[in-house]
Amino acid sequence: MHGHVHHSLDLVRPGGARILCNPAGPRFANPAFDAARAIAIG
């Protein structure tokens, strides 16, 4: 997991680490946001 981003991204780095960013944006302003990929941390 990582922090603050402004755009969606899904890539696999050499070695197999996957980076998946799914920011909603302010008031869900990111049109690429996918609610099915949201997770809850608690």
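Everything quoted here is computed from the prediction, not taken from an experiment.

Looking at the secondary structure, you find Leu 11 in strand E1 (residues 9-12). Expressed as a C-alpha distance, the spacing of Leu 11 and Ala 24, which sit 13 residues apart in the sequence, is 18 Å.

For E1 and strand E2 (residues 18-21), the ladder comprises 4 bridges, and the chain directions are antiparallel. Residue pairing across strands places Leu 11 opposite Ile 19, the latter belonging to E2.

The next thing to look at is the side chain of Asn 30. With respect to the helices and strands, the residue Asn 30 is situated in the segment after E2. Setting aside chain neighbours within four positions, we find Asn 30 in contact with His 7, Ser 8, Pro 23, Ala 24 and Gly 25.

To continue, consider the pattern of salt bridges. For side chains bearing opposite charge, pairing can occur when the charged atoms are close. In total, this model carries 2 salt bridges according to the counting rule given. Of the charged contacts, one joins Arg 37 and Asp 10 as a salt bridge, the two residues approaching to 3.3 Å between their closest N and O atoms. Here Arg 37, found in the segment after E2, pairs with Asp 10, found in strand E1; they are 27 residues apart in sequence, far enough to count as distant. Asp 10 sits in the partly exposed class, given a relative accessible area of 38%. Among the ionic contacts, a cluster of salt bridges with common partners joins Asp 10, Arg 18 and Arg 37.

Criteria and cut-off values
- Residues numbered from 1 in each chain as written.
- Predicted model: local features only at pLDDT ≥ 70, side-chain atom pairs only at ≥ 80, totals over all residues.
- Heavy atoms only, no water.
- Helix = DSSP H or I, 4+ residues; strand = E, 2+ residues; numbered from the N terminus.
- Pairing = 2+ DSSP bridges.
- Contact = heavy atoms within 4.5 Å.
- Salt bridge = Lys/Arg side-chain N within 4 Å of Asp/Glu carboxyl O.
- Buried < 20%, exposed > 50% of the residue type's maximum accessible area, 1.4 Å probe, protein only.

By themselves, these are just geometric observations and shouldn't be taken as functional.
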